Amino acid sequence: MKKPAAASQPPVVFTAGEILDRAAAQLGLAKQQVERTLAEANITLTTPAPADRRMRILRLRVDGVKHDGEPFAIDRPFEPGIWAIVHPSNSAGKTSVLEFLVWPLRGATRDLPPGVQSWVRTLRLDLVAAGKPIRITLEQVPGLIPPIHVDILTADTTEALLAAEDDDPLRLVAKGSGADDVERVIGSFFLDALRMERTNLWTATGGADGEGAPQVHGWLAYFGACYLNAGGDELLLGDVSAPGVAAKLLELFVDIPYSTAHAQLSVAVKGKAKTNKQAQRRAEGDVNARSAERAEWRAQLDTLRQNIQELSTAPGADVTPLLQLTDQTAEELRQLRMGLNDAAQSLADATAARISAEQAQLDAQETWQARRVLGRLNPTCCPRCEEPVSAERRAAERDKAACAVCTRPLPEVAEDVAEAVIEQLAADIVTAQEAETAAVTLQATVKACADAALAAHQQATEAIRSALATSPTHLRLRELELKAADLKGRLAATGTPPQKAPETPDTPDVLGTVHQLVEATVKASADYLFPTMDTEIVNLSDQFGVQHLNSVALKRNGQVNPVKEGVKHLFKKLSRGDRLRMRVATVIALLRAGAARHIDSHPGLLLIDSIAAEEMTADAARRLIGELQTLTQELPELQVVFTTAQPDLVEGLLPEDHIITREGDHLF
């Protein structure tokens with residue numbers, strides 16, 4: 001068969017370090033910062049290396065008891081190449097035998113009837129996974145809880161594995177109990193053995209809020225590239241209809257570099273966008289709620305102000321005269337208190353003057369010498385230098401008649417002069433006493449007036465308080481004023497509301513930048529590989545009997561986009577037979593694309609149920625089987641197992657020892 005020509009130059013695939021360096025340069029960050037951000041998103045970018053994902057079935061053994069109590073046993077060795085499970089009768093057990101292979105490989109059956117599944121007591125499958133000899137043993141014990149158990153065992157060599165009897169010791173790799181645990185243990189084992197990771201794919205309507213969430217897909221989804229769907233299924237690859245799974249299978253098994261990292265980054269970028277969108281929406285909601293709350297407060301305040309205005313102007317007891325009287329008595333009290341302070345100061349001054357006059361008279365009477373009288377001139381300083389007169393000199397002037405200024409003896413004074421001075425001092429005392437008496441009288445008068453004014457003010461204040469306390473309008477007005485003050489305080493405390501929600505801080509988009517760089521690498525590889533696969537799919541589909549197929553365009557989203565008779569068709573709108581043919585053609589193209597690059601990215605195992613069903617003619621079916629046989633010759637490790645109810649399709653085409661059949665009504 002003519003092989004399609006490969007593209008001239010494969011794209012350059014950058015190492016993980018080079019991608020990180022480029023991202024760091026674009027963002028202006030250190031490479032370590034980029035790696036740290038990826039690690040926080042649980043993403044590790046590693047340079048892609050071809051993985052050995054080959055699986056090869058060695059031997060299948062099944063022991064059980066049918067519903068009528070008849071025991072049955074299957075012991076079938078397998079080699080590389082193409083195998084046909086053939087029986088002309090329906091319900092002869094063809095699909096069941098195929099499902100006996102699927103069960104230990106997938107972790108759960110897909111189309112095995114529950115009744116047949118309950119017949120099984122022990123199922124052992126020997127195989128080689130990524131070069132490692134493995135035995136998977138499933139045991140079912142009716143009445144035991146849980147009823148099913150799995151042991152995954154290994155040996156040093158394939159020969160040692162096949163030679164080991166059931167009771168011979170093999171190294172235990174993993175074990176589980178219960179249907180869910182069996183599925184988990186087998187799935188985890190194959191993901192690890194074949195160097196595959198669970199993939200998070202974004203579902204736009206997922207999550208509790210319906211706004212998108214990552215959905216985890218593991219071995220069950222990947223196994224769909226080995227166990228092909230029947231013609232009636234609308235999916236190109238796989239039996240999981242979640243968005244992106246078919247695309248993931250294509251990228252993974254054609255070995256598009258960074259396929260898993262690309263899916264992880266895509267989920268992280270979309271998750272971050274969702275988080276930012278929700279945060280922005282919450283912020284906008286807060287702003288709207290705050291604005292609505294403030295608007296409600298303003299409306300309440302306006303209403304209160306209107307009510308206060310109405311109550312203030314409403315007719316009621318007129319307290320204006322009482323207010324005026326209160327103000328008047330308060331002013332009179334203030335004036336009288338000022339007058340009382342002045343009277344007290346005048347009394348203090350008069351008392352001080354009287355005491356001073358009496359002291360002067362006493363000093364004059366202590367001596368009959370005129371100089372002492374004249375000393376009452378009492379100079380305070382030297383008239384020339386203005387030096388203050390000390391207390392010692394004053395004492396000397398009284399005791400020794402020595403001038404307090406110059407210290408010379410004072411001159412003699414006439415006796416009549418001294419008497420005249422003493423008489424004047426006596427007159428001064430009388431005057432001071434009269435002034436003091438008048439000040440006492442004034443203070444008493446003013447104090448009496450002030451006490452009367454205080455009593456009048458208190459009486460006026462009590463009168464207005466009583467008037468207000470007995471007024472319902474005043475009480476209501478006071479209540480409204482307190483509420484208005486509370487609303488004013490709230491509005492002042494919350495400040496002016498922002499017109500829009502705060503924007504998300506502008507931070508380096510590490511995830512987005514790395515995603516773009518990885519996306520460029522993934523796209524370049526797909527653009528290089530898929531056109532070659534397109535040509536292969538068209539050629540194979542034509543040989544398998546797909547009529548009037550002009551072209552296909554395999555896309556990374558898992559769509560094949562066929563064009564028949566010049567008209568674009570959706571894959572799910574094709575006939576059931578065309579869907580099966582194109583599905584097989586796509587997987588063959590995928591395997592050949594890997595083989596051309598010496599990459600074993602696909603497990604190399606194809607399981608097909610009812611290969612000639614779905615309106616396929618005998619000639620087209622034989623061509624399809626012949627092409628699969630040719631493919632097994634190109635890929636010596638490839639195993640293909642299919643079922644058919646038409647023995648003539650394989651007669652003379654497949655070796656007799658690769659045809660699994662049996663005389664009678666049933667295969668087992």
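Structure: above.
Residues numbered from 1 in each chain as written. Predicted model: local features only at pLDDT ≥ 70, side-chain atom pairs only at ≥ 80, totals over all residues. Heavy atoms only, no water.

## Examining the overall build of the protein chain
Consideration 1: When helices and strands are counted, the protein chain shows 17 helices and 15 strands.
Consideration 2: Overall, the C-alpha framework of the protein chain stretches about 180 × 75 × 60 Å when taken along its three principal axes.
Consideration 3: Residues classed as buried in the protein chain amount to 42% of the 668 residues present.
Consideration 4: At a minimum sequence separation of 6, the contacts of the protein chain that also span at least 24 residues come to 69%.
Consideration 5: Each charge class in the protein chain was averaged separately, 71 positive and 90 negative side chains, and the resulting centres sit 4 Å apart. (Helix = DSSP H or I, 4+ residues; strand = E, 2+ residues; numbered from the N terminus. Buried < 20%, exposed > 50% of the residue type's maximum accessible area, 1.4 Å probe, protein only. Contact = heavy atoms within 4.5 Å. Lys, Arg positive; Asp, Glu negative; His and termini not counted. Charge placed at Lys NZ, Arg CZ, Asp CG, Glu CD.)

## What about the nonpolar core?
Consideration 1: Leu-45, Phe-100, Phe-190, Val-514, Leu-628 and Phe-642 are the most contacted members of the largest nonpolar core, which has 131 residues in total.
Consideration 2: In terms of residues, this core owes the most to one element, helix α15 (residues 510-544), which gives 15 residues.
Consideration 3: Those residues in contact with Phe-642 that lie beyond four places of it in its chain are Ile-82, Trp-83, Ala-84, Ile-85, Ile-608, Ile-611, Ile-625, Val-650 and Leu-654.
Consideration 4: If you look at the next biggest cluster of nonpolar residues, it comprises nine residues, including Leu-304, Leu-480, Ala-484 and Leu-491. (Core = buried A, V, L, I, M, F, W, Y, C linked by side-chain atoms within 4.5 Å.)

## Some details on helix α1 (residues 16-27)
Consideration 1: The end-to-end C-alpha distance of α1, which contains 12 residues, comes to 17 Å, matching closely the 16 Å that a straight helix rising 1.5 Å per residue would cover.
Consideration 2: For α1, the complete set of buried residues consists of Ala-16, Ile-19, Leu-20, Ala-23 and Ala-24. Taken around the axis of α1, the buried residues stretch over an arc of 135 degrees, which confines them to a single face. Exposed side of α1, more than 90 degrees from the buried face: Ala-25 and Gln-26 are the residues found there. (Expected span 1.5 Å × (residues − 1). Arc of directions from axis to C-beta.)

## Let's talk about the layout of surface pockets
Consideration 1: Looking at the largest pocket, its volume works out to about 960 Å³.
Consideration 2: What lines the largest pocket is a set of 41 residues, and nearest its centre among them are Pro-48, Tyr-258, Ser-259, Thr-260 and Ala-261.
Consideration 3: The set of elements that each furnish at least two residues to the lining of the largest pocket consists of α8 (245-253), α9 (259-313) and α15.
Consideration 4: Considering each element in turn, the lining of the largest pocket owes the most residues, seven residues, to α9.
Consideration 5: Its residues assigned to classes, the lining of the largest pocket comprises 23 nonpolar, 11 polar and seven charged. (1 Å grid on protein atoms, 1.4 Å probe; cavity = no way out; pocket = protein on both sides within 12 Å on 5 of 7 lines; lining within 4 Å. Points joined across faces, edges and corners; volume = space filled by probe spheres on them. Nonpolar A, V, L, I, M, F, W, Y, C, P; charged D, E, K, R; others polar.)

## Quick word on the environment of Leu-45
Consideration 1: Looking at where Leu-45 falls in the secondary structure, it is placed in the loop between α2 (31-40) and β1 (55-65).
Consideration 2: A sequence separation of 233 residues divides Leu-45 from Gln-278, and the C-alpha atoms of the two residues are 28 Å apart.
Consideration 3: Contacts of Leu-45, omitting those with residues within four sequence positions, involve Ala-16, Ile-19, Leu-20, Leu-38, Tyr-258, Ala-261, Val-514 and Val-518.

## Points about the sheet that holds strand β14 (residues 639-644)
Consideration 1: Ordered in space as β13-β14-β3-β15, the four strands form an open sheet in which the pairing is parallel. In this open sheet, the two strands that pair with only one neighbour each are β13 (605-608) and β15 (659-660).
Consideration 2: Where strand β3 (residues 81-86) and β15 come together, two bridges link them in parallel fashion. Looking across to β15, one finds that Ile-85 is bridged to Ile-660.
Consideration 3: Docked against the sheet, helix α3 (residues 94-106) engages β3, β13 and β14, running at close to 145 degrees with respect to β14.
Consideration 4: Most of the contacts of helix α17 (residues 618-634) go to β3, to which it runs at about 145 degrees, and overall it touches β3, β13 and β14. (Pairing = 2+ DSSP bridges. Axes fitted to C-alpha atoms, helices over the stretch in contact; angles between N-to-C directions.)

## A short note on a negative patch on the surface
Consideration 1: On the surface, Glu-79, Asp-648, Glu-651, Glu-656 and Asp-657 cluster together into a patch of negative charge.
Consideration 2: Here Glu-651 shows up in the loop between β14 and β15. (Patch = residues over 30% accessible without salt bridge, like charges linked within 9 Å, V, L, I, M, F, W, Y side chains within 5 Å. Areas by Shrake-Rupley, 256 points an atom, 1.4 Å probe, with all protein chains shown as cover. Salt bridge = Lys/Arg side-chain N within 4 Å of Asp/Glu carboxyl O.)

## Focus: the environment of Glu-18
Consideration 1: Within the element layout of this structure, Glu-18 appears in helix α1.
Consideration 2: For Glu-18, the side chain forms a polar contact with the main-chain nitrogen of Thr-15, separated by 2.9 Å. (Polar contact = N/O pair within 3.5 Å; in protein donor to acceptor, adjacent residues only side chain to side chain.)

## Thoughts on the packing of α15 against helix α16 (residues 576-596)
Consideration 1: Where α15 contacts α16, the two axes come as close as 8 Å, and the packing angle between them is 135 degrees. The angle between the axes of α15 and α16 places the two elements in the oblique class. Considering only the axes of α15 and α16, their crossing is right-handed. Of α16, the residues touching α15 (which contributes Met-533, Glu-536, Ile-537, Leu-540, Ser-541 and Phe-544) are Arg-581, Met-582, Val-584, Ala-585, Thr-586, Ile-588, Ala-589, Leu-590, Arg-592 and Ala-593.
Consideration 2: Among the residues forming the contact of α15 with α16, the class breakdown is 11 nonpolar, two polar and three charged. (Parallel < 35°, antiparallel > 145°, perpendicular 65-115°, else oblique. Left-handed = near helix turned anticlockwise from the far one by under 90°.)

## Brief notes about the pattern of salt bridges
Consideration 1: Counted under the stated rule, the structure contains 24 salt bridges.
Consideration 2: A salt bridge links Arg-59 to Asp-75; the nearest nitrogen and oxygen atoms lie 2.9 Å apart. Separated by 16 residues along the polypeptide, Arg-59 in strand β1 and Asp-75 in strand β2 (residues 71-77) bring together distant segments of the chain.
Consideration 3: Overall, the relative accessible area of 47% leaves Asp-75 in the partly exposed class.
Consideration 4: The salt bridge partner of Arg-556 is Glu-251, with a shortest N-O separation of 3.2 Å. Of this pair, Arg-556 sits in the loop between β10 (549-551) and β11 (563-564) while Glu-251 sits in helix α8, placing them 305 residues apart in sequence.
Consideration 5: Classification of Glu-251 by relative accessible area gives buried; the value is 7%.
Consideration 6: Here the salt bridges do not stand alone but share partners, grouping Glu-536, Arg-592, Glu-627 and Glu-634 into one network.

## A look at unusual backbone geometry
Consideration 1: The step from Ile-145 to Pro-146 runs through a cis peptide bond, and the omega angle for that step is -10 degrees.
Consideration 2: Residue placement: Pro-146 occurs in the loop between β5 (132-140) and β6 (148-154).
Consideration 3: Residue Tyr-258 is not a glycine yet carries a positive backbone phi of 65 degrees.
Consideration 4: With respect to the element layout, Tyr-258 can be found in the loop between α8 and α9.
Consideration 5: The phi angle at Glu-565 is positive, at roughly 55 degrees, despite the residue not being glycine.

So far we have only geometry, and geometry alone does not tell us how the molecule works.
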